[in-house]
Amino acid sequence: MWGIRVIIPSQPRERVLYELHTGHPGIVRMKSLARLHVWWPNLDRDMATIVRKCDNCQKPRNKPQLAPLHPWDWAKMPW
């Protein structure tokens, strides 16, 4: 135990990640659930890797808005 959290040994970590990822809650919700209950070194990195590899989690992700093209106005005289 580490405080109120359980330290997970290396073997069952994959199973714990799978349980945290059930329902595809997204990276923020998944991290908040994990921080309440479990801990191991590089936990945040492992969760981010799982979410980045998941196609279902990447589909609803916000895409950056395309910037409109705006041509530069040519100078009519020097400054």
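The structure under discussion appears in the preceding block.
Small disclaimer: the values here were computed from a predicted structure and weren't measured.

What counts and how
Residues numbered from 1 in each chain as written. Predicted model: local features only at pLDDT ≥ 70, side-chain atom pairs only at ≥ 80, totals over all residues. Heavy atoms only, no water. Salt bridge = Lys/Arg side-chain N within 4 Å of Asp/Glu carboxyl O. Helix = DSSP H or I, 4+ residues; strand = E, 2+ residues; numbered from the N terminus. Buried < 20%, exposed > 50% of the residue type's maximum accessible area, 1.4 Å probe, protein only. Disulfide = S-S within 2.5 Å.

Q: Sorry, what's going on with the pattern of salt bridges here?
A: Pairing between side chains of opposite charge can happen when the charged atoms of each approach one another. Overall, the coordinates contain 3 salt bridges when judged by the stated rule. Across the pair R15 and E19 runs a salt bridge, and its minimum N-O distance is 3.6 Å. Taken together, the residues span about one helical turn, with R15 and E19 both in helix 1 (residues 13-21) at a distance of 4 residues. The exposed category is assigned to R15, whose relative accessible area is 54%. R35 serves as the salt-bridge partner of D44, at 3.0 Å between the closest nitrogen and oxygen.

Q: Hey, could you run me through the state of the cysteines in this one?
A: Here, the word disulfide means a covalent bond between the sulfur atoms of two cysteines. A full pass over the atoms with the stated rule returns 0 disulfides. In this structure C54 is a free cysteine whose sulfur lies 3.6 Å from that of C57, the closest cysteine sulfur available. For C54, a relative accessible area of 12% puts it in the buried group.

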